[in-house]
Amino acid sequence: MNKVILMGRLTRDPEVRYSAGDNSMAIARYTLAVDRRFRRDGESNADFIGCVAFGRSAEFAEKYLRQGTKIVVTGRIQTGSYTNRDGQKVYTTDVVVEDQEFAESKAAAAESGMMRQPSPMAAAPMPTPSQASVGDGFMNIPDGIDEELPFN
């Protein structure tokens, strides 16, 4: 079985191209910085893993993913090789994206300062979330509400 699950941040905006022909398809390439679980000498380490998305996944990446965005990717590892202009054989390893989703809310990303602000022309301004939803992206539930729930 060839299945990989990664969580990390984009190192730069996705690079999107479109295939030639009648049925043009979007192809997005991006690199994820994935933190390693264990640290060496107190330093944090990360692996930089190339990902490639096709079709609707690539269009999603083009529209919504930006440098610093924290996402979860599921897919499969694909290896390949080609001969470069100097006649040397180059080996590649990429994750072919089957699914990608956000791993944190916009508010959390803005709070951590990891997301770049989109250009002013990119979209209309979003309304400011209410105080109840600021923080981890979940609504605050008052204490003692358990007694009022019908499915206790």
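Our subject is the structure that appears above.
A quick note: this is a predicted structure, and the numbers were derived from the prediction, not measured.

Rules and cut-offs
Residues numbered from 1 in each chain as written. Predicted model: local features only at pLDDT ≥ 70, side-chain atom pairs only at ≥ 80, totals over all residues. Heavy atoms only, no water. Phe/Tyr/Trp six-rings, centres within 6.5 Å; stacked < 30°, edge-to-face > 60°. Helix = DSSP H or I, 4+ residues; strand = E, 2+ residues; numbered from the N terminus. Buried < 20%, exposed > 50% of the residue type's maximum accessible area, 1.4 Å probe, protein only. Core = buried A, V, L, I, M, F, W, Y, C linked by side-chain atoms within 4.5 Å. Arc of directions from axis to C-beta. Contact = heavy atoms within 4.5 Å. Pairing = 2+ DSSP bridges.

## A closer look at the packing of aromatic side chains
Line of reasoning, step 1. One pass over the structure, following the stated rule, counts 2 aromatic pairs.
Line of reasoning, step 2. Seen from their ring centres, Phe60 and Tyr64 are 5.0 Å apart, and the 45 degrees between their planes marks the pair as tilted. Of this pair, Phe60 and Tyr64 both sit in helix α1 (residues 56–64), 4 residues apart, which is roughly one turn of the helix.
Line of reasoning, step 3. The exposure class assigned to Phe60 is partly exposed, which follows from its relative accessible area of 25%.
Line of reasoning, step 4. For Tyr64, a relative accessible area of 41% corresponds to the partly exposed category.
Line of reasoning, step 5. Ring centres of Phe60 and Phe102 lie 5.7 Å apart, and the angle between their planes is 55 degrees; this geometry places the pair in the tilted category. Taken together, the residues Phe60 in helix α1 and Phe102 in strand β6 (residues 89–102) connect sequence positions 42 residues apart.
Line of reasoning, step 6. Ring-pair connections join several aromatic residues into one group, and the members of that group are Phe60, Tyr64 and Phe102.

## Examining the nonpolar core
Line of reasoning, step 1. Tyr30, Leu32, Ile71 and Val73 are the most contacted members of the largest nonpolar core, which has 17 residues in total.
Line of reasoning, step 2. Those elements giving two or more residues to this core turn out to be β1 (4–10), β3 (26–35), β4 (46–54), α1, β5 (70–83) and β6.
Line of reasoning, step 3. Looking at which element gives the most residues to this core, the answer is β3, with 5 residues.

## A few points about α1
Line of reasoning, step 1. Looking at α1, one finds that the buried residues are Ser57, Ala58 and Ala61. Seen from one end, α1 has its buried residues packed into an arc of 100 degrees, which puts them on one side. Of the exposed residues in α1, those oriented more than 90 degrees away from the buried face are Arg56 and Lys63.
Line of reasoning, step 2. Buried-residue contacts for α1 involve β2 (15–18), β3, β4 and β6.

## With respect to the pairing of β4
Line of reasoning, step 1. In the sheet, β3 pairs with β4 via 9 bridges, with the strands oriented antiparallel. Residue pairing for β4: Leu32 is matched across the bridge by Ile49.
Line of reasoning, step 2. Relative to β6, β4 is paired through 2 bridges, and the arrangement is parallel. Across the sheet, Val52 pairs through a bridge with Val96, a residue of β6.

## Looking at the pairing of β3
Line of reasoning, step 1. Buried residues dominate β3, accounting for 7 of its 10 residues.
Line of reasoning, step 2. For β1 and β3, the ladder comprises 2 bridges, and the chain directions are antiparallel. Bridge pairing in β3 places Leu10 opposite Leu32.
Line of reasoning, step 3. Where β2 and β3 come together, 4 bridges link them in antiparallel fashion. Of the residues in β3, the one forming a bridge with Glu15 is Arg29.

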